[in-house]
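What follows is each chain in one-letter form.
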2 protein chains.
Amino acid sequence: MKKVAVMGCGIVGTGIVEILTDKKDDIAKKLGEEIELKYVLEKRDCSGEKFADKVIDDINIILSDSEVSIVAECIGGIGIAYEFIKSCLLAGKSVVTCNKHLVAEKGLELLAIAREKGVSFVFEASVGGGIPILRPLTNCLAGNRINEVFGIINGTTNYILTQMAQCGQSFEEALADAQRLGYAEADPTADVEGIDACRKICILADLSFGHNIPPAAVKTQGITCVSGIDSAFAEAFACSIKLLGRTVRDEKGMVTTFVAPHFVPKNALLANVNGVMNAVVVRGDSVGECLFYGAGAGRYPTASAMVGDIIDCVRHSDGCLYIDWGGEHRELQADSDEFVSRWYVRFKGDAAKPQQSIEEEKAVITEPMSAYKMRSAFGEENILSAFRVLD
Amino acid sequence: MKKVAVMGCGIVGTGIVEILTDKKDDIAKKLGEEIELKYVLEKRDCSGEKFADKVIDDINIILSDSEVSIVAECIGGIGIAYEFIKSCLLAGKSVVTCNKHLVAEKGLELLAIAREKGVSFVFEASVGGGIPILRPLTNCLAGNRINEVFGIINGTTNYILTQMAQCGQSFEEALADAQRLGYAEADPTADVEGIDACRKICILADLSFGHNIPPAAVKTQGITCVSGIDSAFAEAFACSIKLLGRTVRDEKGMVTTFVAPHFVPKNALLANVNGVMNAVVVRGDSVGECLFYGAGAGRYPTASAMVGDIIDCVRHSDGCLYIDWGGEHRELQADSDEFVSRWYVRFKGDAAKPQQSIEEEKAVITEPMSAYKMRSAFGEENILSAFRVLD
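This structure is a prediction, so every number in the text was calculated from the model and none was measured. (Residues numbered from 1 in each chain as written. Chains lettered and ligands numbered in written order. Predicted model: local features only at pLDDT ≥ 70, side-chain atom pairs only at ≥ 80, totals over all residues. Heavy atoms only, no water.)

1. Regarding the overall build of chain A
Threshold: Numbering goes from the N terminus for both helices and strands, where a helix is a DSSP run of H or I of at least four residues and a strand is a run of E of at least two. Between the two quantities, the radius of gyration covers C-alpha atoms and the globule rule is 2.2 Å times the number of residues to the power 0.38. The cut-offs for exposure are 20% and 50% of the maximum accessible area for each residue type, with area from a 1.4 Å probe on protein chains only; residues under the lower value are buried, those over the upper are exposed, and the others partly exposed. For the accessible areas, the method is Shrake-Rupley and the probe is 1.4 Å, while residue cover comes only from the protein chains on display.
Per the secondary structure count, chain A includes 13 helices and 18 strands. Over its C-alpha atoms chain A spans a radius of gyration of 22 Å, differing by no more than 12% from the 21 Å that the globule rule assigns to 391 residues. Taken along its principal axes, the extent of the C-alpha atoms in chain A is 70 × 45 × 35 Å. Within chain A, the fraction of its 391 residues that count as buried is 61%. Looking at chain A as shown, the accessible area adds up to about 14,700 Å², and 49% of this sits on carbon and sulfur atoms.

So, in structure tokens, the structure goes:
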């Protein structure tokens, strides 16, 4: 029997509590061992909740209880969550989290502490919500040299882009819809500016290539620059516009990581991933291309991934889950503007011969070139919008 | 340092040998421990091969060498492969295999031996080739009640169906092409009659629902019944024809498992999985719908999955990888003809009002109903072809 504490009992925390309680017998059958929820650390009044008898408001009760071997963190942010996780690991407890902000910024440090203490620090839910992606990437595909990982890793922006493409909504209308439906927060900055996607692609890069890539080093463009006319051109070029996080390693080991809207040809599966759904593509030298698709957020999908992590911690309770995530190597981080791809360019003047025209607007898909070359070829002053094409 | 033996060195075995040799340092870095290939069991002449110094032709050398802790089986079939695997497990060695025939027929027995001996018996490559699917299903999604698993799990038939749909080829032409390209064997029976897909859906069902479903209990229809006119009607109904393995559990725990061609609406990702590619969809109560896509066969994809298994065995060398796969429960196996779905029916006479007509042929998509009801509604003598529609 393993005992678990949940820290923070909002949307996701409640989901974990429910799954661990309602499926206790099922999980014991699958695992060959019982998991018991012992504490729920939460400051708000939980007296009406089913789990009210487990609620505590002092982290020290968890830290000093040697029966608790696994802690699930659902507080969010990198303030108190960071302090609490660090304390738990130092107290010899394994920690499970969905906190991508924290993992992207502090993962390297926290993994080192976990390794030193012989416990696990795992975070499957931090990328792609409920989609199993980090464990397949680090375990099942461990015999591969990973060459590239990219995907739709933010559901809010994918919902907005889908609405713009399928219903002809403007960015503002689609955002308002997303907020009304609970897919976007009152302050949507982290989503629409690509900050959330940036954290997730950093985690994917760290795990794929084994050295730390901090979010601050990653060029990040959101979707506020995508207009209705770009959406119409995408259709004309048989593409869908998708916000992609990408991380690519070349033969010399140089890693290019960036977040930007892309034109994705409609014959690619990724172009057909719509609404709030997420999908991640992994390109490995042996396996070729794999794609992992599912719900990237939400109470139960996220809780599903965290419970999977808890179960894995129980399976490995005699040692830590080893994850190869080394220190930063700036000399291996390439300038993303050097990265060569085809481009969709909407332009004014006579900068190029248009391939498509819509109501006096002109656009082309270029030959493969770097961002520098594309900007000088058209002249910065002539470029109305420019997005990479996914190949 | 862990030592490994490879049994059978044909297409896939050679791939494993290559990966373990060429990526030795990479794998050691990811794993924190070295893996060394010690033996290759193979009867053919390997004197020109790089690994010639490791070739042996007597299984007893492996069985009696206590240094060898993991054995990869690439012999195929359920004759000698079964005997060798059993001997290895009984000798306290973990075994990795891609042999779906063997896993579907003998998995229950071999897992029980592995558990008793405290070693692992793993077979990620037996379903979906290189695609990580079994481990995500049993580990990452362990907090879910799995309700349904279905997918395109045979690349040969998917290639043939894709050619029929996209190039207007007949079944015979497409099969001949597949044979020429090495996608289909000289005797294509196991693929085109759905036997291979049947073995794989059984493995998925066993792992999803925790009790054994033998291939003989699964109603299996291949693709020889799909004609060019069905392919044309699929297009008219905005669907793609895909051979699906499906296993569904209802609220009472009754499991329906079958293999049959389906009409898949084109807005589903699965409809866009073409050529030899595979994809598996998992529906869990917490995570919702997940999809896993990639190469379902081939030397390096399959070897990639087997090397991932070998690495996982090393990680778990102090105990077995626990897989919950119990005995057969016939009382939980439902008659698949009772399973309710919409149907595409191509018919003659006045059995129904046609929704689409192509050159005097008539077809409809029905309301949801069982196979029994569908057959009696149209009259068996009027049905030219009938395939389920995926919802």
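That covers the picture; the talk isn't over yet.
2. Some details on the side chain of Lys23(A)
What counts here: By the criterion applied in these results, polar contacts are pairs of N or O atoms within 3.5 Å in which, for protein atoms, one can donate a hydrogen and the other can accept it, and in which residues neighboring in sequence qualify only through two side-chain atoms. Working rule for contacts: check all heavy atoms of both residues, and any pair within 4.5 Å makes them a contact.
Among the secondary structure elements, Lys23(A) is positioned in the loop between α1 (11-22) and α2 (24-31). Reaching out from Lys23(A), the side chain makes a polar contact with the side chain of Ser286(B) at a distance of 3.2 Å. In this structure Lys23(A) touches Glu18(A), Gly143(B), Asn144(B), Arg145(B), Asp285(B) and Ser286(B), once residues within four positions along its chain are discounted.

3. Topic: the pairing of strand β7 (residues 146-152) of chain B
All names here are of chain B. Definition in use: Here the rule is simple: two strands pair whenever DSSP picks up at least two bridges between them.
Counting buried residues in β7 gives six out of seven residues, a clear majority hidden from the surface. In the sheet, β7 pairs with strand β12 (residues 277-284) via six bridges, with the strands oriented antiparallel. Across the sheet, Glu148 pairs through a bridge with Arg283, a residue of β12. Inspection of the sheet shows β7 paired to strand β10 (residues 239-249) by four bridges, in the antiparallel sense. Within β10, the position partnered with Gly151 by the bridge is Gly245.

4. Quick word on helix α4 (residues 80-90) of chain A
Residue and element names in this part refer to chain A. Quick note on the threshold: Think of the arc as the fan of directions from the helix axis to the C-beta atoms.
Within α4 the residues assigned to the buried category are Ala81, Tyr82, Phe84, Ile85, Cys88 and Leu89. Along α4, the residues classed as buried sweep out an arc of 165 degrees about the axis, all on the same side. Gly92 sits one or two positions beyond α4 and adopts a positive phi of about 85 degrees.

5. Details of helix α11 (residues 228-236) of chain B
Residue pairs spaced three or four apart in an α-helix point in one direction, given the helix's 3.6 residues per turn. Every buried residue of α11(B) is accounted for by Ile229(B), Asp230(B), Ser231(B), Phe233(B) and Ala234(B). Looking one or two residues beyond α11(B), the residue adopting positive phi is Ala238(B), at roughly 55 degrees.

6. Quick notes on the state of the cysteines
Stated formally: Note on terminology: disulfide denotes any pair of cysteine sulfur atoms within 2.5 Å.
The tally for this structure, following the rule as stated, stands at zero disulfides over all chains. Of the cysteine sulfurs around Cys46(A), a residue in no disulfide, the closest is that of Cys9(A), at 6.0 Å.

7. Regarding a nonpolar patch on the surface
Residue and element names in this part refer to chain A. The cut-off we apply is this: Here, patches come from residues exposed beyond 30% relative accessible area and free of salt bridges, joined within 9 Å for like charges and within 5 Å for nonpolar side chains (Val, Leu, Ile, Met, Phe, Trp, Tyr). When a carboxyl oxygen of Asp or Glu lies within 4 Å of a side-chain nitrogen of Lys or Arg, that pair is called a salt bridge.
Nonpolar side chains collect at one region of the surface, where Leu181, Tyr183 and Val276 lie side by side and expose about 230 Å² of accessible area between them. With respect to the helices and strands, the residue Leu181 is situated in the loop between α8 (171-180) and α9 (189-192). For Leu181, a relative accessible area of 42% gives the class partly exposed.

8. A look at the pattern of salt bridges
This structure, assessed with the given rule, holds 60 salt bridges over all chains. Residues Arg135(A) and Asp312(A) are paired through a salt bridge, measuring 2.7 Å at the closest nitrogen-oxygen approach. Residue Arg135(A) is found in helix α6 (residues 134-140), and its partner Asp312(A) is found in helix α12 (residues 299-315); the two are separated by 177 residues along the sequence. The pair Arg135(A) / Asp312(A) is uniform in exposure class, with both members buried. Linking Lys200(B) and Asp196(B) is a salt bridge whose minimum nitrogen-to-oxygen distance equals 2.7 Å. Here Asp196(B) and Lys200(B) lie together in helix α10 (residues 195-209), a separation of four residues that amounts to about one turn. Three or more residues joined by partner-sharing salt bridges are found here, namely Lys3(A), Lys24(A), Glu34(A), Glu36(A), Lys38(A), Asp65(A) and Glu67(A).

9. Topic: the sheet that holds strand β1 (residues 2-7) of chain A
Residue and element names in this part refer to chain A. Cut-off, in case you're wondering: Note on definitions: angles span 0 to 180 degrees between N-to-C directions of axes, and those axes are lines fitted to C-alpha atoms, for helices only across the stretch in contact.
One open sheet accounts for six strands, arranged β3-β2-β1-β4-β5-β6; its pairing is parallel. Edge positions in the sheet fall to β3 (55-56) and β6 (121-122), since each of these pairs with one other strand and no more. Across five bridges, β1 lies against strand β4 (residues 68-73) in parallel orientation. Within β4, the position partnered with Met7 by the bridge is Glu73. In the packing of α4 onto the sheet, the strands contacted are β1, β2 (35-41), β4, β5 (94-97) and β6, and the crossing angle to β5 comes to about 150 degrees.

10. With respect to the pairing of strand β18 (residues 383-389) of chain B
Residues and elements named next belong to chain B. When you tally the buried positions in β18, you get six out of seven residues, the bulk of the element. Where strand β11 (residues 255-265) lies against β18, two bridges are found, and the strand directions are parallel. Bridging across to β18, Phe263 finds its partner in Val389. Note: strand β15 (residues 342-347) against β18, six bridges, orientation antiparallel. Across the sheet, residue Trp343 finds its bridge partner in β18, namely Arg388.

11. A closer look at the packing of helix α2 (residues 24-31) of chain B against helix α12 (residues 299-315) of chain B
All names here are of chain B. Selection criterion: Orientation labels follow simple angle bins: below 35 degrees gives roughly parallel, above 145 gives roughly antiparallel, 65 to 115 gives roughly perpendicular, and whatever is left gives oblique. The handedness criterion is simple: a crossing whose near helix is rotated anticlockwise from the far helix by less than a right angle is left-handed, and one whose near helix is rotated clockwise is right-handed. Under the scheme applied here, ten amino acids are nonpolar (Ala, Val, Leu, Ile, Met, Phe, Trp, Tyr, Cys and Pro), four are charged (Asp, Glu, Lys and Arg), and all others, including Gly, are polar.
Close contact between α2 and α12 brings their axes to 11 Å; oriented N to C, the two are set at 45 degrees. Compared by their axis directions, α2 and α12 come out oblique. As α2 runs across α12, the sense of the crossing is right-handed. Facing α2, whose interface residues are Ile27, Lys30 and Leu31, α12 presents Val307, Ile311, Val314 and Arg315. Along the lines of polarity and charge, the residues of the contact of α2 with α12 split into five nonpolar, no polar and two charged.

12. Focus on the relation of the copies chain B and chain A
Applied cut-off: Least squares is the method used to superpose the copies, on C-alpha atoms of residues holding a pLDDT of at least 70 in both.
The transform that puts chain B on chain A rotates by 180 degrees and translates by 0.0 Å along the axis, for an RMSD of 0.0 Å. Classification of the inter-copy transformation places it as that of a two-fold axis. No C-alpha of chain B approaches the rotation axis more nearly than that of Phe292(B), which lies at 2.4 Å.

13. What about the sheet that holds strand β1 (residues 2-7) of chain B?
Residues and elements named next belong to chain B. On the basis of which strands lie adjacent, the open sheet formed by six strands has the order β3-β2-β1-β4-β5-β6 and parallel pairing. This sheet does not close on itself; its edge strands, each paired only once, are β3 (55-56) and β6 (121-122). Bridge analysis of strand β2 (residues 35-41) against β3 gives two bridges, and the strand direction is parallel. In the strand pairing of β3, Leu41 is matched with Ile56.

14. Regarding the confidence of the model for chain A
What counts, and what does not: Every residue gets a pLDDT, meaning the predictor's confidence in that residue, from 0 to 100.
In this model, chain A carries a mean pLDDT of 96, and residues with pLDDT of at least 70 account for 99%. Two numbers describe this predicted complex: its pTM, 0.97, and its ipTM, 0.96.

15. Some thoughts on unusual backbone geometry
Residues and elements named next belong to chain A. One non-glycine residue, Ala238, adopts positive backbone phi at about 60 degrees. Topologically, Ala238 is positioned in the loop between α11 (228-236) and β10 (239-249). Residue classification places Ala238 among the partly exposed residues on the basis of a relative accessible area of 43%. In this model, Glu359 sits at a positive phi of 45 degrees, which is unusual for a non-glycine residue. Its place among the elements puts Glu359 in the loop between β16 (356-358) and β17 (361-365). Given the relative accessible area of 73%, Glu359 is considered exposed.

16. Thoughts on the environment of Lys38(A)
Residues and elements named next belong to chain A. With respect to the secondary-structure elements, Lys38 resides in strand β2. Along the sequence, Lys38 and Lys3 sit 35 residues apart, while their C-alpha atoms lie 5.9 Å from each other. With residues up to four places along the chain from it excluded, the contact list for Lys38 reads Lys3, Val4, Lys54, Asp65, Glu67 and Val68. Reaching out from Lys38, the side chain makes a polar contact with the side chain of Asp65 at a distance of 2.8 Å.

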